[in-house]
Protein chains: 2
Amino acid sequence: MTLNLVKGRPSTMGDAYPLNTTTLIRHAARTHGEQEIVYRTPDGGWARTDYASTYRRIRQAAGALRRLGVNPGDRVGILDWNSLRHFELYWAIPGLAAVMLQMNLRLGPEDLAYVVRHSEAAFIAVDETLLPVAEAIAPLCPGVKGWIVMTGKPLSEIRTSLAPLHHYEDLLAADAGDIDWPLIDETSAYSACYTTGTTGRPKGVYYSHRAIYLHSMAMASAVGATFDDCTMLITPMFHGQCWGLPQMATMMANKIVLPGRYMAEDTGPLTEAIIREEVTITNGAPAIFQPMLEHIRASGLKPDFSRLRLMSGATEPPLAMMRGFYEETGAEVIHAYGATETTPLVTINRFKRGLRRSMDAEQLWDLKRKQGLPMVGVDVRLSDDEDVNDLPHDGAHVGEICVRGPWITTRYHDMPDSADRFTPDGYWRSGDAGVIDGNGYLKLTDRIKDVIKSGGEWISSIDMENAIMAHPAVLEAAVVGVPHPKWQERPVAIVVLRAGHELTADGLRAHLAASFAKWQLPETVVFSDSVARTSVGKADKKRLRADYAHIHEGSEQ
Amino acid sequence: MTLNLVKGRPSTMGDAYPLNTTTLIRHAARTHGEQEIVYRTPDGGWARTDYASTYRRIRQAAGALRRLGVNPGDRVGILDWNSLRHFELYWAIPGLAAVMLQMNLRLGPEDLAYVVRHSEAAFIAVDETLLPVAEAIAPLCPGVKGWIVMTGKPLSEIRTSLAPLHHYEDLLAADAGDIDWPLIDETSAYSACYTTGTTGRPKGVYYSHRAIYLHSMAMASAVGATFDDCTMLITPMFHGQCWGLPQMATMMANKIVLPGRYMAEDTGPLTEAIIREEVTITNGAPAIFQPMLEHIRASGLKPDFSRLRLMSGATEPPLAMMRGFYEETGAEVIHAYGATETTPLVTINRFKRGLRRSMDAEQLWDLKRKQGLPMVGVDVRLSDDEDVNDLPHDGAHVGEICVRGPWITTRYHDMPDSADRFTPDGYWRSGDAGVIDGNGYLKLTDRIKDVIKSGGEWISSIDMENAIMAHPAVLEAAVVGVPHPKWQERPVAIVVLRAGHELTADGLRAHLAASFAKWQLPETVVFSDSVARTSVGKADKKRLRADYAHIHEGSEQ
């Protein structure tokens, strides 16, 4: 992207003073040193520390990494859950002007090793529980100069083939914690995250200090965070830097709750921690929040969540879930939209003052299902197929969402053949199709590649999935377009029923007929035990399309 | 300031995409076009418009200024109250990469003309009611190429000696409003404001687009603003850009209320507008808020101000006023600290989560009188006399407040002899003496030059003023140190009593004895009708010291 910048008169301000993430943690430690950080221990218990103590460890970690030979620009990987040590490295590595490599432990060893090789990571810090993951990729990553095991046990008790092996706590103990932080050029990379698209190899996104800093400020005001808030990090810290929530929470000196390793069976302890620690902000996906709501119902907890905001990404939150949280606990589910390439916030769904007064409750609930309003600082354009025009924001014109701004990627790291993912004027093409209504709210209608083209018309797979999931008998659903000799493509619905419920294909079509034209209804409904998902929990439509690719062969109707 | 920046690895983000103020108003217009802007008309009535319509006028104004010959870097002055047209020019001038010159109409003609000459302003836009001010300076400002009168009347009805004279509404009417905004190098000046210190000539501070943008984001999260808020701009828009509140309010797409010309007799209409428009954020000084509280009491209005935050600067807000607002209306007075050189926010007084629980009500009220916690992004240092060390933050060590950050000035415009106002590492020396307590809260104790040095010890003039003002009979007070042959300096208290109240010098000393040592008590108490003030409403201590300079001559006690 080449921008033609006009120069005015020089200012007298400290414009040379860079936006560094170190500023955020240092401010929290200096001004809110006593603020708590609560974290889950490997045995499932909870422990407490504060910003001042954690900052001391962060300075020790940075000093230790520097002595180990980490130089500005070097990449240091992390294999860990949402732990206190992971949080420490969020500041220690970038504070040296080195690059924190986020390692998605849900990737297969081939892809994960590719990420390590492509980014040329020099060191990798790995939680003791994840040593097997590290050992699986180590032979594929000969460039790694050292592994740092993170554990409460002494080094002598660790059995691993990783070498050379360093011990995180020993490294910290040997450092005085008196590091003098460098002032870093703000366009330097703070961290790297690789996309987990279902097509092609992972693509590297390198976030700058500037992007993270600005994104934190923008998120704080979008969420309305103050230092009265308590933030729990549920989204993995190893992907999309947990949506930038750790940095925002630190900037606002929030009390922070780190739930460690989060498994399906942890819904109970997590919910109880939200109550006990008075959490007011957290993030996750419907796949996490839905079981949480069901746990609250089953346990009879009756919590007062009137200050709690659940930031929800990945997929559209089911309306019943949003209403359930609000009506039964007072919690607000806030839908937000973004991607690895966008740091990630592009839109967030908050009600406008005016709409809150002019719309009735049902209209507001319907509005709440949309992806929301663009963040200040992000230019959102609805592109047509052919060029880069902005289609009308009228709730009817469907286009590809293209975005540009200080925290939006403009290229992929070391991948020159990806130019088609960007417009000539520097917008990232999201691959999502959507509409923007007259009030400015974005609604996704589909992935560009998941749009079903049937008989020259389009069917939105997402709209159909949402309609199917609104049926009380349905637990999960996915809709894909598969080739058809006559109609080009036809929708196939894959449906998982709730235990103890029954539904027929005809019954489902009757349900759908309320919101879809007859020609749009799926002839083929597959009742299944599960829906194939990607490593980030989205329906794996590539695989589903392949599974059902031949289902219409020979059909003439 | 030369900073040694370390470069890491390049990011893939849109780091070249600049922070321009145009982004803020364009976002508000596009995404919140229907949001209201309410403004006071010259006849004292109120009118309504919205962001979309105002943005159209802003684009017309920018197009018109460009055709008039305003180029990037040119300075364009504004002489106006807090009006809608003033708000339009806040975006139109900087949007062209030109510099908006803030003209403090409380300055005398000599100083104001100096500001125009020193900044080399090319054009000046002047409200019809302020034509006499412009006419007084015009002969002293031969470099001005044109004057733009802002009025609802036709040009033919305007009688003025200003020439060449343009008509704002005619200029706008002739423009299609289709300007293509330039992308501006973010270190370019957005506006200029000159200090109004009581010593020397006004000093020029030039704010960058970057500084204004970052300050707006930081203020939004510090105040907890969302687009549910309604902001009224009471602080003059011609000085310190109204504390950056117009830009913050626009960034957050607040409903905005512009009260126009604000005079002492307007307390009633202003208070009623706050109630009617459901204002939730405003800014001003105790000199504005105190009469407002008294009006509320006298009128029996009983408003519900539980969402209202009154940002209060200039001087420490009297405790009785803060309690009065909170206990009688629910409004929170928020003390903030800054200066022309700091855009202005340096600190803001918000309660920490922990202190709200650990302190009792009296302790919290006492805490609320402090200047507050440093803003994220501003480095605050407590310097000792000799060098640039940071004194301990223990609530006891008094030092000069020095600040550094992206929205803090690092030099004065075209004034090379002002290097002594900055430290070698780029901190601005505020001239304020203060302490920072163990919780991180700053408390000013004095202006460095207003500290009273008596018998080798220091007496804080501010502490003594606040103690005097806490007496129920006292309306206003100022304390200055004046030369004394034996003690070097001794305090003199100038006191204005409330109507119908009585107090003697002995009575005042008895009151002060509760919080001051005997040797600190003022021998001289002057009861007066008023306290001399500067153009920004601060006690004019330079003048007071001169008035009483000889009072101790011949004293030996």
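Predicted model, so just to flag it, every value in this text is computed and none were measured. (Residues numbered from 1 in each chain as written. Chains lettered and ligands numbered in written order. Predicted model: local features only at pLDDT ≥ 70, side-chain atom pairs only at ≥ 80, totals over all residues. Heavy atoms only, no water.)

1. Re the overall build of chain A
Turning to step 1, where the next piece is worked out: When its secondary structure is counted, chain A shows 16 helices and 27 strands.
Turning to step 2, where the next piece is worked out: For 557 residues, the compact-globule formula gives about 24 Å, and the C-alpha radius of gyration of chain A, at 24 Å, lands near that figure.
Turning to step 3, where the next piece is worked out: Overall, the C-alpha framework of chain A stretches about 75 × 60 × 55 Å when taken along its three principal axes.
Turning to step 4, where the next piece is worked out: Accessible surface for chain A amounts to roughly 20,700 Å². Of this, 51% is attributable to carbon and sulfur atoms.
Turning to step 5, where the next piece is worked out: Side-chain charges of chain A comprise 57 positive and 68 negative groups, with the mean position of each set lying 3 Å from the other. (Helix = DSSP H or I, 4+ residues; strand = E, 2+ residues; numbered from the N terminus. Rg over C-alpha atoms; globule rule 2.2 N^0.38 Å. Areas by Shrake-Rupley, 256 points an atom, 1.4 Å probe, with all protein chains shown as cover. Lys, Arg positive; Asp, Glu negative; His and termini not counted. Charge placed at Lys NZ, Arg CZ, Asp CG, Glu CD.)

2. Points about the nonpolar core
Turning to step 1, where the next piece is worked out: Of all hydrophobic cores here, the largest spans 237 residues; its most connected members are F87, L89 and V116 of chain A together with F87 and L89 of chain B.
Turning to step 2, where the next piece is worked out: With residues near it in sequence (within four places) discarded, F87 of chain B still touches I25, I37, Y51, T54, M237, P246, T250, I256 and L258 of chain B. (Core = buried A, V, L, I, M, F, W, Y, C linked by side-chain atoms within 4.5 Å. Buried < 20%, exposed > 50% of the residue type's maximum accessible area, 1.4 Å probe, protein only. Contact = heavy atoms within 4.5 Å.)

3. Some points on the sheet that holds strand β18 (residues 373-374) of chain B
Residues and elements named next belong to chain B.
Turning to step 1, where the next piece is worked out: If you walk across this open sheet you meet the nine strands as β3-β2-β13-β12-β14-β15-β16-β17-β18, and the pairing is mixed. Only two strands of the sheet have a single neighbouring strand rather than two, namely β3 (46-50) and β18.
Turning to step 2, where the next piece is worked out: As defined by bridge partners, strand β15 (residues 309-312) adjoins strand β16 (residues 332-338) across four bridges and the pair is classed as parallel. If you follow M311 over to β16, its bridge partner there is I334. (Pairing = 2+ DSSP bridges.)

4. A few points about the side chain of T22 of chain A
Residues and elements named next belong to chain A.
Turning to step 1, where the next piece is worked out: Along the chain, T22 turns up in helix α1 (residues 21-31).
Turning to step 2, where the next piece is worked out: Residue T22 is classed as buried on the basis of its relative accessible area, which comes to 5%.
Turning to step 3, where the next piece is worked out: Residues in contact with T22, not counting those within four places in the same chain, are G95 and W181.

5. Brief notes about the relation of the copies chain B and chain A
Turning to step 1, where the next piece is worked out: Of the two same-sequence chains, chain B is brought onto chain A (RMSD 0.1 Å, axial shift 0.0 Å) by a rotation of 180°. The transformation just described matches what one would write down for a two-fold rotation axis. Every residue of chain B has its C-alpha some distance from the rotation axis, and the shortest such distance is that of S221 of chain B, at 2.5 Å.
Turning to step 2, where the next piece is worked out: Same-surface contact between copies: 100% of interface residues of chain B are shared with the interface of chain A. (Least-squares fit on C-alpha atoms with pLDDT ≥ 70 in both.)

6. Topic: helix α7 (residues 209-223) of chain A
Residues and elements named next belong to chain A.
Turning to step 1, where the next piece is worked out: With 15 residues, α7 extends 21 Å between its outermost C-alpha atoms, agreeing within 8% with the 21 Å of an ideal straight helix rising 1.5 Å per residue.
Turning to step 2, where the next piece is worked out: The buried fraction of α7 is high, at 15 of 15 residues.
Turning to step 3, where the next piece is worked out: Looking at the residues trailing α7, positive phi occurs at G224, about 75°. (Expected span 1.5 Å × (residues − 1).)

7. Digging into the state of the cysteines
Residue and element names in this part refer to chain A.
Turning to step 1, where the next piece is worked out: Summed over all chains, the structure comprises zero disulfides over all chains.
Turning to step 2, where the next piece is worked out: Free of any disulfide, C141 has its nearest cysteine sulfur in C193, 16 Å distant.
Turning to step 3, where the next piece is worked out: Left without a disulfide partner, C230 is nearest to the cysteine sulfur of C242, which lies 13 Å away.
Turning to step 4, where the next piece is worked out: Accessibility expressed as a relative area gives 0% for C230, which makes it buried. (Disulfide = S-S within 2.5 Å.)

8. Brief notes about the interface of chain B and chain A
One widely used convention gives an interface's size as the accessible area the parts lose upon coming together.
Turning to step 1, where the next piece is worked out: Listed as interface residues are 90 residues of chain B and, on the opposing side, 90 residues of chain A.
Turning to step 2, where the next piece is worked out: When the two sides are added together, the surface that chain B and chain A hide from each other amounts to roughly 7,400 Å², 56% of it contributed by carbon and sulfur.
Turning to step 3, where the next piece is worked out: Between chain B and chain A we count ten salt bridges in total.
Turning to step 4, where the next piece is worked out: Its salt-bridge partner being K352 of chain A, residue E34 of chain B comes within 2.9 Å of it at the nearest N-O pair. (Buried area = accessible area lost by both parts, 1.4 Å probe. Salt bridge = Lys/Arg side-chain N within 4 Å of Asp/Glu carboxyl O.)

9. A closer look at the sheet that holds strand β19 (residues 379-383) of chain B
Residue and element names in this part refer to chain B.
Turning to step 1, where the next piece is worked out: Pairing within the open sheet is antiparallel, and its four strands lie in the order β19-β20-β21-β22. Every interior strand has two partners, whereas the edge strands, β19 and β22 (442-447), have only one. In this sheet, adjacent strand axes meet at a mean angle of 45° when their direction is disregarded.
Turning to step 2, where the next piece is worked out: Inspection of the sheet shows strand β20 (residues 399-404) paired to strand β21 (residues 428-436) by four bridges, in the antiparallel sense. In the sheet register, V403 faces β21, and the bridge partner there is W428. (Axes fitted to C-alpha atoms, helices over the stretch in contact; angles between N-to-C directions.)

10. Description of the side chain of R75 of chain A
Turning to step 1, where the next piece is worked out: Among the structural elements, R75 of chain A can be located in strand β4 (residues 75-79).
Turning to step 2, where the next piece is worked out: In this structure R75 of chain A comes out as buried when scored by relative accessible area, which is 5%.
Turning to step 3, where the next piece is worked out: There is a polar contact of 2.7 Å between the side chain of R75 of chain A and the backbone oxygen of G73 of chain A.
Turning to step 4, where the next piece is worked out: Apart from the residues within four sequence positions on either side, R75 of chain A is in contact with V99, S119, E120, A121, A122, F123 and Y206 of chain A together with R9 of chain B. (Polar contact = N/O pair within 3.5 Å; in protein donor to acceptor, adjacent residues only side chain to side chain.)

11. Overview of the confidence of the model for chain A
Turning to step 1, where the next piece is worked out: Model confidence for chain A is summarised by a mean pLDDT of 93, while 97% of its residues fall at 70 or above.
Turning to step 2, where the next piece is worked out: Both confidence scores are given for the complex: pTM 0.89, ipTM 0.88. (pLDDT = per-residue confidence, 0-100.)

12. Thoughts on the environment of G268 of chain A
Turning to step 1, where the next piece is worked out: The residue G268 of chain A is located in helix α9 (residues 267-276) in this model.
Turning to step 2, where the next piece is worked out: Sequence separation between G268 of chain A and S299 of chain A is 31 residues; the distance between their C-alpha atoms is 9.0 Å.

13. Thoughts on the pairing of strand β10 (residues 189-194) of chain B
Residues and elements named next belong to chain B.
Turning to step 1, where the next piece is worked out: The buried count for β10 comes to six of six residues, which makes it a mostly enclosed element.
Turning to step 2, where the next piece is worked out: Here strand β5 (residues 99-102) runs beside β10; their pairing, made up of two bridges, is parallel. Along β10, the bridge assignment pairs M100 with S191.

14. Quick notes on the pattern of salt bridges
Residue and element names in this part refer to chain A.
Turning to step 1, where the next piece is worked out: Tallied over the full model, the rule gives 76 salt bridges over all chains.
Turning to step 2, where the next piece is worked out: A salt bridge links K443 to E316, with the shortest nitrogen-to-oxygen separation between them at 3.6 Å. With a gap of 127 residues between them, K443 in strand β22 (residues 442-447) and E316 in the loop between β15 (309-312) and α11 (319-329) connect regions that are remote in the sequence.
Turning to step 3, where the next piece is worked out: Residue class for K443 comes out buried when judged on its relative accessible area of 18%.
Turning to step 4, where the next piece is worked out: A residue is classified by how much of its surface remains accessible, and E316, at 12% relative accessible area, is buried.
Turning to step 5, where the next piece is worked out: For R323, the salt bridge goes to E362, with nearest N and O atoms at 3.2 Å. With R323 in helix α11 and E362 in helix α13 (residues 361-368), the pair connects residues that are 39 residues apart, well separated along the chain.
Turning to step 6, where the next piece is worked out: Since its relative accessible area comes to 48%, E362 is described here as partly exposed.
Turning to step 7, where the next piece is worked out: Through salt bridges with shared partners, one network takes in E36, R48, K255, R276 and E277.

15. Structural notes on the pairing of strand β25 (residues 474-484) of chain B
Residues and elements named next belong to chain B.
Turning to step 1, where the next piece is worked out: Counted residue by residue, β25 has eight buried out of eleven residues, so it is predominantly covered.
Turning to step 2, where the next piece is worked out: Across ten bridges, the pairing between β25 and strand β26 (residues 488-497) is antiparallel. If you follow V480 over to β26, its bridge partner there is V492.

16. Looking at the environment of R429 of chain A
Residue and element names in this part refer to chain A.
Turning to step 1, where the next piece is worked out: Mapped onto the elements of the fold, R429 is located in strand β21 (residues 428-436).
Turning to step 2, where the next piece is worked out: Taking the C-alpha atoms as reference points, R429 and L68, 361 residues apart in sequence, are found 40 Å from one another.
Turning to step 3, where the next piece is worked out: If we skip the residues at most four places from it in the chain, R429 touches E400, I401, C402, D420, R421, F422 and T423.
Turning to step 4, where the next piece is worked out: In this structure the side chain of R429 is engaged in a polar contact, spanning 3.2 Å, whose partner is the backbone oxygen of D420.

17. Digging into the packing of helix α2 (residues 51-68) of chain A against helix α3 (residues 84-95) of chain A
All names here are of chain A.
Turning to step 1, where the next piece is worked out: It is at 8 Å that the axes of α2 and α3 come closest, and there the two elements cross at 60°. The orientation of α2 with respect to α3, classified from their angle, is oblique. Between α2 and α3 the crossing geometry is right-handed. Facing Y51, T54, R57, I58, A61, A62 and L65 of α2, the residues of α3 in contact are L84, R85, F87, E88, L89, W91, A92 and I93.
Turning to step 2, where the next piece is worked out: Split into classes, the residues belonging to the contact of α2 with α3 amount to eleven nonpolar, one polar and three charged. (Parallel < 35°, antiparallel > 145°, perpendicular 65-115°, else oblique. Left-handed = near helix turned anticlockwise from the far one by under 90°. Nonpolar A, V, L, I, M, F, W, Y, C, P; charged D, E, K, R; others polar.)

18. Things to note about the packing of aromatic side chains
The way to describe two aromatic rings as a pair is by their centre distance and the angle between their planes.
All names here are of chain A.
Turning to step 1, where the next piece is worked out: All told, the structure shown has seven aromatic pairs over all chains when counted by the stated rule.
Turning to step 2, where the next piece is worked out: The interplanar angle of 75° and the centroid separation of 6.0 Å between the aromatic rings of F87 and W91 together place this pair among those described as edge-to-face. Taken together, the positions of F87 and W91, both in helix α3 and four residues apart, correspond to about one turn of that helix.
Turning to step 3, where the next piece is worked out: Looking at W91, the relative accessible area reads 1%, which means it is buried. (Phe/Tyr/Trp six-rings, centres within 6.5 Å; stacked < 30°, edge-to-face > 60°.)

19. Remarks on the packing of α7 of chain A against helix α7 (residues 209-223) of chain B
Turning to step 1, where the next piece is worked out: Two numbers describe how α7 of chain A lies on α7 of chain B: the axes approach to 7 Å, and their chain directions differ by 40°. Taken together, the axes of α7 of chain A and α7 of chain B are oblique relative to one another. For the element pair α7 of chain A and α7 of chain B, the recorded crossing hand is left-handed. The residues of α7 of chain B that touch α7 of chain A, namely those facing R210, L214, M217, A218, A220 and S221 of chain A, are R210, L214, M217, A218, A220 and S221 of chain B.

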